[in-house]
Amino acid sequence: MLILSIETSCDETSAAVVKDGKEILSNVVASQVEFHKKYGGIVPEVASRKHIEVIAAVVKQALEDAKTPLKKIDAVAATYGPGLVGSLIVGLNYAKAVAFALKKPFIPVNHIEGHIYANFVSEIPNPKSQIPNFPFVCLVVSGGHTQLVLIKDHGKYQTLGHTRDDAAGEAFDKVARYLGIGYPGGPIIDKMAKKGDPEAIDFPRAMMEGYDFSFSGLKTAVVNYVKKNGMPKNVADLVASFQQAAVDTLVEKTIRAAKDFKVKWIALAGGVSANSRLRENILKRANEEGLKVSIPPLHLCTDNAAMIGSAGYYLIKKRKKSTLDTEAVSTLRI
Ligand code: KG4
Ligand code: ZN
């Protein structure tokens, strides 16, 4: 089954062709980051206008790269939310129009669900041994969301915890903005922290009971540190210490959830899972606990349409298999 998928929930216009939910035939991502950089964050109105400008060319490129004419597409998937409303409607309406013209099914996909499915899809189909086995715990960490999810089967989720305030990526972006080191903060802090000492400053780890997260206290601790001591000579030490505090809570809660729910696999998803320290530390801790780990390659951690195509495939497949499973079809509105 060939799915054309579209993702425009934030500031990336992306289209992909995915075969059988597993194999990426093409995955075109047009980033708007240059247009938003000067504002230090995404300007929603600019984002939706930029999506309109490039969506047709991005879809055309995805079909060309996949060497797949439109008439060979079996279904069209698109992100319906969560995300910026003005951005979402561009991709969603474009996808609906293509599906309508082709008389093929349209599959609306939840963006977070899409991120999870980055663990199931790749350019060269993953050997079965590398795809997480059900049930597994997935840490979803993006610019807008931080969620710990127990995944029992395709489309069957139990949210164990989420952030009570800032998302993990939001904390990275806000700290970077406060320090004036650029946008988006996540990749900049990641790079800078490599030259710093993660133990230089002992920032708080918000380890409340259960599986919820909190990052606003950590962000405030960074601000208070700079107010009290001034900007340190070595900013790398500051960002490395901040990053380590954020990573420690993400890793420990994920490992704890895996142990409590007696799963053998954990997975990462979302933009922050591109973070090199998070990747290193989760692998180390999982290894110590005898857990297997799935982490998408860097280009599939951040927003892209291939993950949406994969999630769309499993939604449609699951529905065909079992119409009784309401949880699995709850987001499916063809
Ligand atoms: O998943 P994503 O591309 O978009 C959303 O759905 O939000 O995530 C974007 C977020 C941004 O906050 C960005 O700073 C963060 O992911 N991010 C990172 C890294 N790369 C991207 N955070 C930490 N380290 C990174 N290497
Ligand atoms: Zn995302």
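Keep in mind that this is a model prediction, so the values were computed, not measured.

A closer look at the sheet that holds strand E4 (residues 75-81)
And then number 1: Strand order across the open sheet formed by five strands is E3-E2-E1-E4-E5, with mixed pairing between neighbours. Two strands close off the open sheet at either side, each with one partner strand: strand E3 (23-31) and strand E5 (106-110). With strand direction ignored, the average angle separating the axes of adjacent strands in the sheet is 20°.
And then number 2: One ladder, built from eight bridges, connects strand E2 (residues 12-19) with E3; its direction is antiparallel. Of the residues in E3, the one forming a bridge with Ala-15 is Val-28.
And then number 3: Lying on the sheet, helix H2 (residues 44-65) is in contact with strand E1 (2-7), E2 and E3; it crosses E2 at an angle near 25°.
And then number 4: Sitting on the sheet, helix H3 (residues 85-102) touches E1, E4 and E5, and the angle it makes with E4 is about 155°.

Description of the confidence of the model for the chain
And then number 1: Residues of the chain with pLDDT of at least 70 account for 95%, and the chain-wide mean is 92.
And then number 2: Segment residues 321-334: pLDDT under 50, and 24 contacts once partners within four positions in sequence are set aside and those in other chains are kept.

What to know about the packing of helix H6 (residues 185-193) against helix H8 (residues 235-260)
And then number 1: Two numbers describe how H6 lies on H8: the axes approach to 8 Å, and their chain directions differ by 115°. When the interaxial angle is binned, H6 and H8 end up roughly perpendicular. Of the two elements, H6 crosses H8, and the hand of that crossing is left-handed. In this structure, H6 contributes Ile-189, Asp-190, Met-192 and Ala-193 to the contact, and H8 contributes Val-235, Ala-236, Val-239, Ala-240, Phe-242 and Gln-243.
And then number 2: Of the residues assigned to the contact of H6 with H8, the class counts are eight nonpolar, one polar and one charged.

Some words on the environment of Ile-189
And then number 1: Within the element layout of this structure, Ile-189 appears in helix H6.
And then number 2: When the C-alpha positions of Ile-189 and Ser-216 are compared, they lie 17 Å apart, and in sequence the two are 27 residues distant.
And then number 3: Ignoring anything within four residues of it in the chain, the contact list for Ile-189 reads Phe-172, Val-175, Ala-176, Ile-181, Val-239, Phe-242 and Gln-243.

Some points on the site of ligand 1
And then number 1: Surveying the vicinity of ligand 1 reveals 18 residues, the closest of which are His-115, Gly-143, Asp-173, Asp-190 and Gly-271.
And then number 2: For ligand 1, an oxygen atom lies 3.0 Å from a polar atom in the backbone of Gly-271.
And then number 3: Separating a nitrogen atom of ligand 1 from a side-chain N or O atom of Asn-275 is a distance of 3.0 Å.
And then number 4: Burial of ligand 1 by the protein chains amounts to 88% of its free accessible area of 550 Å².

What counts and how
- Residues numbered from 1 in each chain as written.
- Chains lettered and ligands numbered in written order.
- Predicted model: local features only at pLDDT ≥ 70, side-chain atom pairs only at ≥ 80, totals over all residues.
- Heavy atoms only, no water.
- Pairing = 2+ DSSP bridges.
- Helix = DSSP H or I, 4+ residues; strand = E, 2+ residues; numbered from the N terminus.
- Axes fitted to C-alpha atoms, helices over the stretch in contact; angles between N-to-C directions.
- Contact = heavy atoms within 4.5 Å.
- pLDDT = per-residue confidence, 0-100.
- Parallel < 35°, antiparallel > 145°, perpendicular 65-115°, else oblique.
- Left-handed = near helix turned anticlockwise from the far one by under 90°.
- Nonpolar A, V, L, I, M, F, W, Y, C, P; charged D, E, K, R; others polar.
- Near = heavy atom within 4 Å.
- Polar contact = N/O pair within 3.5 Å; in protein donor to acceptor, adjacent residues only side chain to side chain.
- Areas by Shrake-Rupley, 256 points an atom, 1.4 Å probe, with all protein chains shown as cover.

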